[in-house]
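Chain residues, written in single-letter form:
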Amino acid sequence: MTDMLFVTPLAATVEEAKDYVNGLDTLWVLLGAILVFWMQPGFALVEAGLTQSKNTANILMKNFVDFMFGSVLFWIAGFSIMYGEGNSFFGWEGFGFIGSDSNVPAECTFIFQTVFCATAATIVSGAMAERTKFSMYLVFSIVISALIYPIEGHWSWGGGWLSEMGFHDFAGSTVVHLCGGSLALAGAMVLGPRVGKYGKDGKSRAIPGHNLVLCALGVFCLWMGWFGFNPCSTVAATGYDNAVSMSHVFVTTNMAAATGGIAAMLYTWVVDGKPSLSMVCNGVLAGLVGITAGCDCVSIGAAAIIGVLTSLVMCGSVAFIDKVCKIDDPVGAVSVHGVGGIMGTIMVGVFSDPAIDGVESSLAVQALGALAVAAFSFICGLALFSAIKYTHGLRCDLIIEEEGLDVYEHGEACYN
């Protein structure tokens with residue numbers, strides 16, 4: 001997205017903007033914003049379906065909060081930090097900065113970037129579900145949207161040091177998903193596991209989600225939304241080259257999702273004896289996360305391989321984090337978005353084909369970029385969540401966790 005954010009020179013005046021702004025390009029990017037926004041109900045449904053019914057209202061509320069607060073705070077400061085003129089690590093052009101007209105109006109670019117910001121914040125919610133104080137969730141949602149995501153986003157998409165090195169992350173395997181997954185890992189570690197998740201012998205106990213129908217519908221929503229997340233990141237739709245590029249991205253995105261789901265189905269069938277619906281759902285999402293970095297510059301065959309590899313690593317990661325690390329991640333957010341983001345970013349250095357989109361990025365640069373964003377996000381998350389834990393408190397009271405956050409935190413429940 002870095003190279004594609006402004007595909008024509010920035011317009012300094014209204015008259016110049018009339019020469020540059022393209023109606024079809026604008027419609028394309030706004031359609032992408034709608035589709036990426038559609039991922040919000042997708043995340044809400046997946047998270048609600050994979051957790052207990054007594055916490056459903058709380059989970060839905062948090063997904064609303066992510067988008068509401070993210071929209072306001074990204075406008076106040078986040079966009080300026082991410083895309084403002086500055087240095088290699090931090091941008092700034094004042095409060096309320098939303099950029100300048102290019103081939104699309106400034107407001108078009110701004111709303112497209114806003115929905116990406118909200119996605120990064122939402123990822124954290126799933127890993128910390130069913131035991132977090134709602135008031136404290138507001139605090140870290142604000143910090144993520146206003147500071148953490150924009151700062152690391154500037155490195156890759158705002159002209160920062162990673163982009164200067166040739167780092168390539170077309171639509172956000174690292175910028176969005178690895179950032180969110182690393183924060184989710186820090187949050188789950190500081191927060192601790194849910195009551196009853198691990199027995200006295202240390203063995204993991206399953207806490208089944210209450211509605212796999214919601215989870216599956218959520219994944220379909222996310223799959224659809226990803227067709228805005230990736231293809232519309234071309235931010236242009238006119239001309240032969242753009243037509244070919246966005247069509248190619250549609251195909252690679254869908255292929256990785258499909259092979260990711262197939263790989264998870266076969267993995268659980270062989271390892272557990274039965275194909276798991278919940279793991280197929282996460283396999284599809286892992287494939288989508290994995291292809292997001294290189295969807296513009298890898299072949300269709302490479303996209304299929306990326307989907308398989310990312311999904312299989314995700315399956316192993318879920319078991320490792322749960323049973324070995326003893327970290328309770330109710331929806332597998334760390335494995336899907338964090339591990340999937342790392343895999344997808346590194347695979348660009350393995351499978352990118354300059355003949356497809358002119359992209360050349362070394363494996364070393366891709367690995368460095370993933371490591372830098374993961375480390376920055378994780379350390380910021382540890383500091384933020386620990387500060388909350390040892391001041392106001394991050395975790396809800398035991399009785400609230402046992403009886404459900406819906407009634408205690410919100411005074412209402414989704415199920416009577």
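Let me begin by describing the structure that accompanies this report.

Conventions we followed
Along each chain, the written sequence defines residue order, and numbers are assigned to residues from 1. Confidence filtering applies because this is a predicted model: local features only for residues at pLDDT of at least 70, side-chain atom pairs given and counted only at 80 or more, and all residues used for totals across whole chains, interfaces and linings. Only hydrogens and water are set aside; all other atoms, that is, all heavy atoms of the structure, feed into the side-chain values. Axis geometry follows a simple rule: fit a line to the C-alpha atoms, using only the stretch in contact for helices, then measure angles between N-to-C directions, giving values from 0 to 180 degrees. Strands here mean DSSP runs of E at least two residues long; helices mean DSSP runs of H or I at least four residues long; both are numbered from the N terminus. Under this scheme an angle from 65 to 115 degrees is roughly perpendicular, one under 35 degrees roughly parallel, and one over 145 degrees roughly antiparallel; angles in between are oblique. Crossing handedness: left-handed means the near helix sits turned counterclockwise from the far one by under a right angle, and right-handed means the same turn made clockwise. By the convention used here, residues are in contact when the closest approach between their heavy atoms is within 4.5 Å. A side-chain nitrogen of Lys or Arg and a carboxyl oxygen of Asp or Glu constitute a salt bridge if their distance falls within 4 Å. Exposure classes here rest on a 1.4 Å probe applied to the protein chains alone. A residue is buried below 20% of its type maximum, exposed above 50%, and partly exposed in between. Pairs were defined over the aromatic rings of Phe, Tyr and Trp, the Trp ring being its six-membered one, requiring ring centres within 6.5 Å. Orientation was assigned from the angle between planes: stacked under 30 degrees, edge-to-face over 60, tilted for the rest. In this text, buried Ala, Val, Leu, Ile, Met, Phe, Trp, Tyr and Cys residues form a nonpolar core when linked through side-chain atoms within 4.5 Å. Pairs of cysteine sulfur atoms within 2.5 Å are what we label disulfides. Each residue is assigned to one of three groups, with Ala, Val, Leu, Ile, Met, Phe, Trp, Tyr, Cys and Pro labelled nonpolar, Asp, Glu, Lys and Arg labelled charged, and all others, Gly among them, labelled polar.

A separate point is the packing of helix α2 (residues 23–49) against helix α3 (residues 56–83). Relative to each other, α2 and α3 sit at 155°, their axes nearing to 9 Å. As the angle between them shows, α2 and α3 are arranged roughly antiparallel. α3 is crossed by α2, and the crossing has right-handed handedness. Of the residues in α3, those touching α2 at F37, Q40, F43, A44, E47 and A48 are T56, I59, L60, K62, N63 and F67.

On to the pattern of salt bridges, then. Side chains bearing opposite charge may pair, as long as their charged atoms lie close to each other. For the structure on display, the rule yields five salt bridges. Here E47 makes a salt bridge to K62, at a shortest N to O gap of 3.8 Å. Taken together, the positions of E47 in helix α2 and K62 in helix α3 put the pair 15 residues apart, joining distant regions of the chain. Here the two residues E47 and K62 agree in accessibility, since each one is buried. Of the charged contacts in the structure, one is a salt bridge between R395 and E401, with a shortest N-O distance of 3.0 Å. The partly exposed category is assigned to R395, whose relative accessible area is 24%. Among the charged side chains, a network of salt bridges with common partners joins E130, R194 and D328.

Our next topic: the packing of aromatic side chains. By the definition in use, this model includes 18 aromatic pairs. Between F37 and F67, the ring centres sit 4.8 Å apart and the planes meet at 70°, which makes this aromatic pair edge-to-face. Note that F37 is positioned in helix α2 and F67 in helix α3, a separation of 30 residues in sequence. Judged by its relative accessible area of 38%, F37 is partly exposed. Relative to F250, the ring of F227 has its centre 5.1 Å away and its plane inclined at 20°; by these criteria the two rings are stacked.

On to the nonpolar core, then. Counting 75 residues, the largest nonpolar core has F112, F116, Y149, W157, V176, W226 and F229 as its most contacted members. It is helix α4 (residues 106–127) that provides the largest number of residues to this core, a total of ten residues. Residues within four places of V176 in sequence aside, it is in contact with F116, T119, A120, I123, Y149, W157, A171 and F229.

Before going further, it helps to spend a moment on the state of the cysteines. One pass over the structure, following the stated rule, counts zero disulfides. This cysteine, C281, is not joined by any disulfide, and C215 carries the nearest cysteine sulfur, 3.9 Å off. Its relative accessible area of 6% is what places C281 among the buried residues.

Right, let's get into the packing of helix α8 (residues 212–229) against helix α9 (residues 240–272). Running from N to C, α8 and α9 point in directions that differ by 150°, and their axes come no closer than 9 Å. Looking at the two axes, α8 sits roughly antiparallel to α9. As α8 packs across α9, the resulting crossing turns out to be right-handed. On α9, the residues touching W223, W226 and F227 of α8 are F250, T253, N254, A257 and A258. Classifying every residue of the contact of α8 with α9 gives six nonpolar, two polar and no charged.

This paragraph deals with the environment of L35. With respect to the helices and strands, the residue L35 is situated in helix α2. Owing to a relative accessible area of 15%, L35 belongs among the buried residues under this scheme. The spacing of L35 and G225 is 190 residues in sequence and 4.5 Å in space, taken between C-alpha atoms.

The next point concerns the environment of I400. Within the element layout of this structure, I400 appears in helix α15 (residues 398–403). The exposure class assigned to I400 is buried, which follows from its relative accessible area of 15%. If we skip the residues at most four places from it in the chain, I400 touches L405 and Y408.

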